[in-house]
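Given next are the chains, with one letter for each unit.
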Amino acid sequence: MPAAPDQNNQQLDPHLICVDWGTTHMRAYLCAIQPDRLQLLATVNGPGIAQAKGDCARLLFTATQDWNRQYGKLPYLLSGMVGSTLGWQQVAYQACPAAVRELAEACLLFTENGHRIAIVPGVSVTNPLAQADVMRGEELQVLGWLQASAADPEQDALLCLPGTHTKWVLLQKGHIVSFVTGFSGELYALLKQHSILLGGNKNPALQQTGFDQSFAESFTEGVAQAQTDGSNLLIHQLFSVRSRQVQGLLAAEAAADYLSGLIIGSDVAAAIKSYGPHMRQGNPVAVIGSDDLCARYGLALQQFSCTSRGWRAQDVALAGYHTLYTALIERHSWS
């Protein structure tokens with residue numbers, strides 16, 4: 001069910017529903033449009049694209065049906081995997097360099113059940129490893145960070161968006177010019193759930209997902225291993241999660257944090273190979289994500305002598321939707 005609107009926002013009329021729609025989760029935001037921002041009135045969670053089974057419209061309108069009953073035919077601004085080959089309607093990737101103007105022009109606009117719908121394109125690039133790379137959804141957070149941070153668009157900036165597939169994004173003159181994806185979050189989940197590294201541990205602490213400072217020592221030890229040996233040795237380092245426990249060098253309850261440190265440390269080490277000059281030029285790396293992941297990546301970056309600043313993903317995403325909505329109004333008179 002949708003979250004109840006904050007009492008301080010009840011006098012505002014909703015104008016827009018923004019939806020971050022990924023493979024496994026949907027996050028919808030009921031918003032009032034203010035001159036300089038979107039005012040969040042309520043949120044609702046729903047099933048991801050993988051559960052749509054070709055009927056995205058039904059899934060979307062069911063998840064937000066209470067808002068539709070109360071407020072009528074509001075427009076939807078959708079981002080994420082909803083525009084992929086798995087989603088509602090495929091929207092081609094916008095090649096780098098990409099900024100708000102290019103993304104607004106490439107949005108797919110249509111009407112469904114009386115609602116105006118806009119689906120945001122993803123972004124594609126040949127990354128610093130000379131590999132094809134793509135993102136869907138993170139581009140909204142990048143645009144939002146530019147607005148929320150009031151960053152000088154003439155200054156280069158490096159952003160880290162940790163998650164299932166961590167993105168390291170280079171901005172120049174307000175454009176996404178390069179990025180590279182780390183398989184860090186999904187690798188951690190796979191190894192934690194399905195490998196021998198932690199599979200034999202029954203300690204309840206391994207089920208915790210938050211960043212507990214009492215385990216920071218084990219996490220930073222894992223980062224130190226990645227820092228010392230280099231990111232390209234991760235395939236050989238991983239078994240140390242098991243062997244250290246067997247030899248009594250690593251407590252079972254700290255093994256998950258050591259594994260996290262190895263993977264995140266390797267991710268940071270690899271990013272330095274791609275974007276080192278930008279990570280050490282004096283401007284902090286902007287880390288956008290959950291409190292847990294911002295803390296972990298911030299600690300790892302500190303060990304690599306890189307400064308960082310954490311940003312809440314929801315705040316930055318809403319700023320991104322506002323930026324893109326404004327561009328859609330200006331370029332397509334969409335509302």
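Refer to the structure printed above.
Residues numbered from 1 in each chain as written. Predicted model: local features only at pLDDT ≥ 70, side-chain atom pairs only at ≥ 80, totals over all residues. Heavy atoms only, no water.

It is worth spelling out empty space enclosed by the protein at this point. Per the stated rule, a full pass over the model turns up one cavity of 30 Å³ or more. Considering only enclosed or pocket space, the largest cavity measures out at about 40 Å³ in volume. Surrounding the largest cavity, Trp-145, Leu-146, Ala-151, Asp-152, Pro-153, Gln-155, Ala-157, Leu-171, Gln-172, Lys-173 and Gly-174 form its lining. If you list the elements that add at least two residues to the lining of the largest cavity, you get α4 (138-149) and β11 (166-172). Its residues assigned to classes, the lining of the largest cavity shows six nonpolar, three polar and two charged. (1 Å grid on protein atoms, 1.4 Å probe; cavity = no way out; pocket = protein on both sides within 12 Å on 5 of 7 lines; lining within 4 Å. Points joined across faces, edges and corners; volume = space filled by probe spheres on them. Helix = DSSP H or I, 4+ residues; strand = E, 2+ residues; numbered from the N terminus. Nonpolar A, V, L, I, M, F, W, Y, C, P; charged D, E, K, R; others polar.)

The next subject is the layout of surface pockets. In this model, the second largest pocket occupies a volume close to 390 Å³. What lines the second largest pocket is a set of 17 residues, among which Gly-182, Phe-183, Ser-266, Asp-267 and Ala-270 lie closest to the centre. Of all the secondary-structure elements, those providing two or more residues to the lining of the second largest pocket are β12 (175-182), α5 (184-194) and α10 (255-279). It is α10 that contributes the most residues to the lining of the second largest pocket, seven residues altogether. By residue class, the composition of the lining of the second largest pocket is nine nonpolar, six polar and two charged.

Here six strands make up an open sheet; going across it, the order is β3-β2-β1-β4-β7-β6 and the pairing mixed. Two strands lie at the open edges of the sheet, namely β3 (38-47) and β6 (108-112), each paired on one side alone. Direction aside, the axes of adjacent strands within the sheet are offset by 20° on average. Where strand β4 (residues 76-80) and strand β7 (residues 115-119) come together, three bridges link them in parallel fashion. Bridge assignment links Leu-77 to a residue of β7, and that residue is Ala-118. Packed on one face of the sheet, helix α1 (residues 56-63) meets β1 (16-21), β2 (25-33), β3, β4, β6 and β7 and runs near 120° to β1. (Pairing = 2+ DSSP bridges. Axes fitted to C-alpha atoms, helices over the stretch in contact; angles between N-to-C directions. Contact = heavy atoms within 4.5 Å.)

Time to look at the environment of Glu-105. Structurally, Glu-105 is set in helix α3 (residues 100-106). Put simply, Glu-105 and Thr-24 are 81 residues apart on the chain and 28 Å apart in space, counted from C-alpha to C-alpha. For Glu-105, the contacting residues outside a window of four places in its chain are Arg-331 and His-332. In terms of polar contacts, Glu-105 uses its side chain to reach the side chain of Arg-331, at 2.5 Å. (Polar contact = N/O pair within 3.5 Å; in protein donor to acceptor, adjacent residues only side chain to side chain.)

Look at any regular strand and the pattern is simple: side chains alternate between the two faces of the sheet. Here two bridges tie strand β5 (residues 94-95) to strand β8 (residues 123-126), and the two strands are oriented parallel to one another. Paired with Ala-95 across the two strands is Ser-124, which belongs to β8. Here β8 pairs with strand β9 (residues 132-135) via four bridges, running antiparallel. Paired with Ser-124 across the bridge in β9 is Val-134. Hairpin connection, β8 to β9: the antiparallel pair is bridged by five residues, and Ala-130 has positive phi, about 65°.

Right, let's get into the nonpolar core. Counting residues in hydrophobic clusters, the biggest one holds 39 residues, and the most contacted among them are Leu-77, Trp-145 and Leu-159. By residue number, the principal contributor to this core is helix α12 (residues 313-332), which donates eight residues. Setting aside chain neighbours within four positions, we find Leu-159 in contact with Val-142, Trp-145, Lys-167, Trp-168, Val-169, Leu-171, Val-285, Ala-286 and Ile-288. Formed by 28 residues, the second largest nonpolar core is a distinct cluster that contains Ala-28, Ala-52, Val-82 and Ile-119. (Core = buried A, V, L, I, M, F, W, Y, C linked by side-chain atoms within 4.5 Å. Buried < 20%, exposed > 50% of the residue type's maximum accessible area, 1.4 Å probe, protein only.)

This part is about the packing of α10 against helix α11 (residues 291-303). α11 packs onto α10 with a crossing angle of 60° between their chain directions and a minimal axis gap of 9 Å. Classified by the interaxial angle, the pair formed by α10 and α11 is oblique. Note on packing geometry: the crossing formed by α10 with α11 is right-handed. Within the contact between the two elements, α10 uses Asp-257, Ser-260, Ile-264, Asp-267, Val-268 and Met-279 and α11 uses Arg-296, Tyr-297, Ala-300 and Leu-301. Class assignment of the residues belonging to the contact of α10 with α11 gives a composition of six nonpolar, one polar and three charged. (Parallel < 35°, antiparallel > 145°, perpendicular 65-115°, else oblique. Left-handed = near helix turned anticlockwise from the far one by under 90°.)

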